[in-house]
Amino acid sequence: MKKFTHFILLLLFSILISGCTQEKPNLEPKQTNTPLLIEATKEDTDKKIYLFGSIHEADETLYPLPDYVLDAYEKSDAIAVELDIVEAESDYASLLNSFAKFIYTDQKTIKEDISEETYEKGKEILEEAGLYNFMMDSFKPVIWYMMISNAVSQDIDIDLDGEWGIDNYFLKEAKEDDKKIIELESADIQFEILENFTKDLQIYLLEQTIDSYEDSKEELKELYKAYKKGNIESLEELLFEEVEDSNKEKYIEEFNQKMITDRNKNMTVSLEKALKEHDTIFCTVGLAHVIGEGGIKDLLSSKGYTVRIVN
C-alpha cells in the first residue's frame, strides 16, 4: 500500500495553495536544474503531449527553467492544467461559497469531532504559522488538514510560495502568448472531492499530518531537491513509498482512489479529447499525477503512445 504524505505541493489541489499572480520576475540566465519532462507521442501520428509535472509551490531557485522545458512549451499550441488558478482566484464569490460547504452547522465545532490533544496540537501549528483565528473552529477536519499541510512549506528554510509554482508560471506565460489554456478539472470538481471525504478519513488525515509534522519538513526539503534534479526513480521512491500498516489501509485506499486514481484517469481522457483539436499540448499538472503506477505517463503508454524522458 502506498503512502500519501508529501502530496500537498505536488499533487493536492491548485486552488487551495496557489499564490496570487504577480509580474514575472527578472531572472539571471543561469540554468542549473534538470526537472523531469516526459514526451508522449500518439501512435502513427506526429501529435504529442509533453508532461511536465508541476510543483504548486516553489521559490526563485527553480528558475530559469532549462531550455528543453521552454522549447517544449514553445512548440505546443495549447497548455493543459488542472484548472486556471488565475481565473479561479479572481472569483471570490465562488470561492467563499465553496468554502462554506466545509463549515459546521447548528453551532457545532471541530472540537466535537476530534480529541482535545489533536485540537491543541493542530491549533498550535496553525497559530505559529499565522493561520489560526477563532473562525477555524467552525471548519471541518479536512480544512484543518489542508491548512496544516500548507504550514509545512512555511516552516522550513526554503521560501516556498504559490507565486513561484510551475502551473502559475506557465499560466502567466500562456496568457501573455495568447496560447490556448485547457482546464482538465475545475474548482468545483476539486472542492467536491474534498467534500466527499468521509469524516473518518478527514480525522485520520488531520491526525497523521499533525503527528508527522516535524518529519514532513525534512521530507519536503528532500523532495524539492529531487524535483529540481528530475530523476524519475528518486521521485517515485519519495512519493510512493510502501506503507505496511493494516490499520491505515482503508484510509489510504480511499485517499488514493479519490485523490489520485480517479483523477488520473479523468485527466487522461480529457487530454486525449483535447489532442483531437491540437497538434501538441504542454501539460503541467501535479507531478504525482504524472509519474508512478497508474500515473498519466503509464496510462498514455498503455494506450499506445510512445513515451520517453526528454531530459
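These figures come from a predicted structure and were not determined experimentally.

J.: Mind showing me how you'd approach the pattern of salt bridges here?
T.: When charged atoms on two side chains of opposite charge get close, those side chains can pair. If you walk through the whole model with that rule in mind, you get 17 salt bridges. A salt bridge links Arg308 to Glu39; its shortest N-O distance comes to 2.9 Å. Residue Arg308 is found in strand 6 (residues 306-309), and its partner Glu39 is found in strand 1 (residues 38-41); the two are separated by 269 residues along the sequence. With a relative accessible area of 42%, Arg308 lands in the partly exposed category. Since its relative accessible area comes to 8%, Glu39 is described here as buried. Residue Glu117 is joined to Lys121 by a salt bridge in which the shortest nitrogen-to-oxygen separation is 3.0 Å. Here Lys121 and Glu117 lie together in helix 6 (residues 116-128), a separation of four residues that amounts to about one turn.

J.: Even after reading the chapter, I still don't get the sheet that holds strand 2 (residues 48-51), so can you show me in this structure?
T.: Note on sheets: strands pair through backbone hydrogen bonds, and any given pair is parallel or antiparallel. Reading across the sheet, the six strands line up as 4-3-5-2-1-6 and stay open at both edges, with mixed pairing between neighbours. Of all strands in the sheet, those bounded by a partner on one side alone are strand 4 (180-183) and strand 6. In this sheet, neighbouring strand axes are inclined to one another by 20° on average, regardless of whether the strands run parallel or antiparallel.

J.: Could you clarify how one ought to interpret the packing of aromatic side chains in this entry?
T.: Any two aromatic rings considered together are summarised by their centre-to-centre distance and by the angle between their planes. Taken as a whole, this structure holds 14 aromatic pairs when the rule is applied. Residues Phe99 and Phe191 carry aromatic rings whose centres are separated by 5.3 Å and whose planes lie at 70° to one another, so their mutual orientation is edge-to-face. Note that Phe99 is positioned in helix 5 (residues 92-100) and Phe191 in helix 9 (residues 187-195), a separation of 92 residues in sequence. Residue Phe191 is classed as buried on the basis of its relative accessible area of 3%. Consider the rings of Tyr119 and Trp144, whose centres lie 5.5 Å apart with planes at 40°: the pair is tilted. On the criterion of sequence distance, the pair formed by Tyr119 in helix 6 and Trp144 in helix 7 (residues 141-154) is long-range, its members being 25 residues apart. The pair Tyr119 / Trp144 is uniform in exposure class, with both members buried. Taken together, the ring pairs connect Phe52, Tyr63, Tyr73, Trp164, Tyr169, Phe170 and Phe282 into an aromatic cluster. Seen from the ring of Tyr73, Lys179 lies directly overhead, with NZ or CZ sitting 4.6 Å from the centre.

Basis of the calculations
- Residues numbered from 1 in each chain as written.
- Predicted model: local features only at pLDDT ≥ 70, side-chain atom pairs only at ≥ 80, totals over all residues.
- Heavy atoms only, no water.
- Salt bridge = Lys/Arg side-chain N within 4 Å of Asp/Glu carboxyl O.
- Helix = DSSP H or I, 4+ residues; strand = E, 2+ residues; numbered from the N terminus.
- Buried < 20%, exposed > 50% of the residue type's maximum accessible area, 1.4 Å probe, protein only.
- Pairing = 2+ DSSP bridges.
- Axes fitted to C-alpha atoms, helices over the stretch in contact; angles between N-to-C directions.
- Phe/Tyr/Trp six-rings, centres within 6.5 Å; stacked < 30°, edge-to-face > 60°.
- Lys NZ or Arg CZ within 6 Å of the ring centre and 35° of its normal.

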